[in-house]
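Structural characterization, general
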Amino acid sequence: VFDLYSKAGMLKHLLIENYALIHKLDTEFGEGLTVITGETGAGKSIVLGALSMILGERADTGILNNKSKKCIIEGSFDLINTDVKPLFDTYDLDYEDISYFRREITPNGKSRAFINDTPVNLQAMRRIAERLIDIHSQHESLLVGTSSFQFDVIDSYAKHLDCIESYQALYRKFLQKHQELEEIRKAERAARADLDYNQFQFDELDKANPDPETFKQMEEEVSILRHAEEILFNLEKTCYLLRDAEPNVLDVIKEILSLIQPLERFGKDYGDLCRRLESVMIETKDIAEEASKIKDNIVHDPHHAAILESKLDQINNLLMKHHVTDVESLLKIRDDFHKKISASISLEEQINKLETEVEQIENNLQVMAADISHARNIAISGIQDEILDLLKNLGMPDARFQIVQETTDSLSINGKDKIVFLFNANVGGNMQEISRVASGGELSRVMLSIKSMISRKKLLPTIIFDEIDTGISGETSTKVSNILHQMSGKMQVVAITHLPQIASRGDTHLLVYKNVANGQTRTHMKPLDTEQRITELAKMLGGEKPTEKMVETAKELIFNKGN
C-alpha cells in the first residue's frame, strides 16, 4: 500500500539559538528514517519544543536561555510535491521549493514569525505547517479514545477535511445566529411586557396633542374668556370716553386744535403744535375704532371656556404626571414612547428575519451532514481493515477493532454522527470502547497503526514520533521498527526512541546529550557515524559500560537492519 504514494517534501534543516538549555544547535535532516536517542533528561523534548515554535505554537520569555538575547528558531522545508502552494497564495506569501520558517522571541516577550522572510501571524504559520509535519507526542496515544480524535481519523481517511472545515464554519455561524435569535427573543419578550404600558402612555400624550404654540394661544383665550365681563366693561367705557361722552376726548382735542390753529401765523412753533394735535386726533380716532372692534369680538361663552379649560387641564396634568414644566418636554417624552413601540415592532421583524436565516442555515447543514455521514460510512470499512492488518504486523494477530457509527437527529460540530472505536486485544470477550480496555502498549500500537494509515492518506511530508515505543518491548519493538522503516520509504520519519531495535533502523542517527561548560548546562545534538552508532546502541542495550556481547548485538542490529 505504501507504493501507491510518491515521496513528498521534508524537513531539511533546523537551527536553534538561545532556547532553554540550547545555546546553539544546527542540524541537518535527511530522507528516510531519522532516529533521535539520548539519555532521559538530555533534552530531546527541548529540541521537539523548539521545533514546535516554527509550527505555530505559542511561546513566552521563559524559554530564553540568555534573558538579554533573543531566541531564534529556523527550519527549512523542501516543499516539492506538497500541496501547500495554494495556502501561500491565500496568505500572500512568496512560495519557494525550499522555504524557511523562522520564529524570534525577544527578551521583552515579543514574538515574531516569518516564512521566507515575510512576517506572518501564528495562524498562517500553523495552517501551512500542519500540512508539512505531524508530531506525535508520547502522551498522544491517550487521544485515541477521545471523540474528537476519532472523528479526525475518519475524516482524514475519507479525504473530506475541506468539507468538514466548511461544515464546521457554517455550524459555528449557525450557533452564533441561534444565540443572536435567543437574545433578540429575550429582548422582544421584555419589550412586549412593556408594550401595553408604552402604548397607553403614547396614546394619552398623542391624544392630548401638546403643541407649544397652540398651548400658549389656549392659555390666552381662556384668560380672555374668564375675564370677558371686565374686558367688555373697560372697552365700552374706553369707547364712551373717547367719542361718546359729553364732552369726550375727541371733542376736547378738536376744541384745543381750534384754539391753536389761529396762532399758526405767529410762528413755526404754533404750526408744530397743530400738526401734533392733528396726529393725536387721528390716533385717538383709530384707538376708538380698534377698541370698538375688539369689544364687538368679545363673546361671553362659558361653554367654550369650559372646553378650553378642560384641554388645558389635561395638558397641565400630563406636565405634572411626567414631572416636566413645558410642552416641549412632553413632546420629547411622547417621541420616546413611540421609539420604544417601534423598537418592539422592529424586534419582531428581526426575529422573523433571523428565524428564516437560521432555518436556511440548518437546512444547508442537514444536507452537508448527510453527505459527511455517507463519506464516513464508506471510509469506515477501509479504516478497520487497514488498522487490523497493521496491528497483526505489530504482533497483535488476535486484535479486533471496530468503528461504530450512529446517526443522531441533532446537529453538532461533527455533523449528525456519533463515533465509537471498539477494541479487544484478545480472542473472546466483548469489544468495548478502546479507552477502557486497551493497555498503554496496546494504545501505542493502535496509535502507530492510525498514524501510519493517516499519514499516507494526508500525504504528509514528515511525521515525528516522540517515544512511540512507550509500553512495548521484545518482538513487538522489532515489528514497530519495521513499520516505521516501511513508512519512511514514502515520507520522512523522525523517531525519538529509547529502543535499540528502532534506533538501529535509522538512515540517520542523531544523539542528544548534555555537557557543562563555564558553569552552564548545555544541550547539544550531533549525527553519529557507524562506529558511534554501534557504541550508542550498545549503551542502550547494556548501560554505560556495555559488554562485548552487547557491542556485537548492536552491530548485528545495525548491519542486519533489525532482522
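Residues numbered from 1 in each chain as written. Predicted model: local features only at pLDDT ≥ 70, side-chain atom pairs only at ≥ 80, totals over all residues. Heavy atoms only, no water.

When its volume is computed, the second largest pocket comes out at roughly 430 Å³. Forming the walls of the second largest pocket are 21 residues, and the residues nearest its centre are Gly38, Glu39, Leu511, Glu536 and Glu544. Sorting the residues of the lining of the second largest pocket by element identifies β14 (508-517) and α16 (530-542) as the ones contributing at least two each. Looking at which element gives the most residues to the lining of the second largest pocket, the answer is α16, with five residues. (1 Å grid on protein atoms, 1.4 Å probe; cavity = no way out; pocket = protein on both sides within 12 Å on 5 of 7 lines; lining within 4 Å. Points joined across faces, edges and corners; volume = space filled by probe spheres on them. Helix = DSSP H or I, 4+ residues; strand = E, 2+ residues; numbered from the N terminus.)

This part is about helix α3 (residues 122-129). What α3 keeps buried is the set Leu122, Ala124, Met125, Ile128 and Ala129. For α3, the arc enclosing every buried residue in end-on projection is 165°, short of the 170-degree limit, so these residues lie on one face. At its buried positions, α3 is contacted by α1 (44-53), α2 (85-90), β5 (98-105), β6 (111-115), β7 (118-120) and β8 (133-136). Between a side-chain oxygen at the N-terminus of α3 and the backbone nitrogen of glutamine 123 the separation is 3.2 Å; the capping residue is asparagine 121. (Buried < 20%, exposed > 50% of the residue type's maximum accessible area, 1.4 Å probe, protein only. Arc of directions from axis to C-beta. Contact = heavy atoms within 4.5 Å. Polar contact = N/O pair within 3.5 Å; in protein donor to acceptor, adjacent residues only side chain to side chain.)

Turning our eyes to something else, we now look at the pairing of strand β15 (residues 520-527). Bridging between β14 and β15 involves eight bridges; their strand directions are antiparallel. Residue pairing in the sheet places valine 516 in a bridge with threonine 521 of β15. Turn length for the β14-β15 hairpin, with the two strands adjacent in sequence and antiparallel, is two residues, and the turn residue asparagine 518 shows positive phi of about 55°. (Pairing = 2+ DSSP bridges.)

Let's shift gears to the packing of helix α4 (residues 147-158) against helix α11 (residues 327-393). For the pair α4 and α11, the least separation of the axes is 9 Å and the interaxial angle reads 100°. In this view, α4 runs roughly perpendicular relative to α11, as classed from their interaxial angle. Residues Phe151, Val153, Ile154, Asp155, Tyr157 and Ala158 of α4 form the contact with α11, whose participating residues are Ala375, Arg376, Ala379, Ile380, Gly382, Ile383 and Glu386. A per-class count over the contact of α4 with α11 returns nine nonpolar, one polar and three charged. (Axes fitted to C-alpha atoms, helices over the stretch in contact; angles between N-to-C directions. Parallel < 35°, antiparallel > 145°, perpendicular 65-115°, else oblique. Nonpolar A, V, L, I, M, F, W, Y, C, P; charged D, E, K, R; others polar.)

Right, let's talk about the packing of aromatic side chains for a bit. Applying the stated criterion across every chain yields a total of five aromatic pairs. Measuring from centroid to centroid gives 5.0 Å for phenylalanine 77 and phenylalanine 101, while their planes differ by 65°, and the two rings are edge-to-face. In this pair, phenylalanine 77 sits in strand β4 (residues 71-78) while phenylalanine 101 sits in strand β5, placing the two residues 24 residues apart along the sequence. Here the two residues phenylalanine 77 and phenylalanine 101 agree in accessibility, since each one is buried. A centroid spacing of 5.4 Å and a plane angle of 85° characterise the contact between phenylalanine 88 and tyrosine 95, whose relative ring orientation is edge-to-face. Phenylalanine 88 sits in the buried class, given a relative accessible area of 0%. An aromatic cluster is defined as three or more aromatic residues linked by ring pairs; in this entry it consists of Tyr167, Tyr171 and Phe174. Of note, arginine 102 hangs over the ring of phenylalanine 114, and the distance from its end group to the ring centre comes to 4.3 Å. One cation-aromatic arrangement involves lysine 526 over tyrosine 513; the distance from NZ or CZ to the ring centre is 5.2 Å. (Phe/Tyr/Trp six-rings, centres within 6.5 Å; stacked < 30°, edge-to-face > 60°. Lys NZ or Arg CZ within 6 Å of the ring centre and 35° of its normal.)

Bringing helix α8 (residues 249-260) into the picture now. Along its twelve residues, α8 runs 17 Å from first to last C-alpha, staying within 8% of the 16 Å computed at 1.5 Å per residue. Listed as buried for α8 are Leu250, Ile253, Leu257 and Ile260. Seen from one end, α8 has its buried residues packed into an arc of 85°, which puts them on one side. Residues Glu255 and Leu259 are exposed on α8 and point more than 90 degrees away from its buried face. In this structure, the buried side of α8 is in contact with α7 (228-244) and α9 (268-297). The N-capping residue of α8, defined by a side-chain oxygen 3.0 Å from the backbone nitrogen of leucine 250, is asparagine 248. (Expected span 1.5 Å × (residues − 1).)

Now for the confidence of the model for the protein chain. Averaged over all residues, the pLDDT of the protein chain equals 85, while 93% of them reach at least 70. Considering only residues more than four positions removed or in separate chains, one finds that residues 1-7, a stretch of pLDDT under 50, has 18 contacts. (pLDDT = per-residue confidence, 0-100.)

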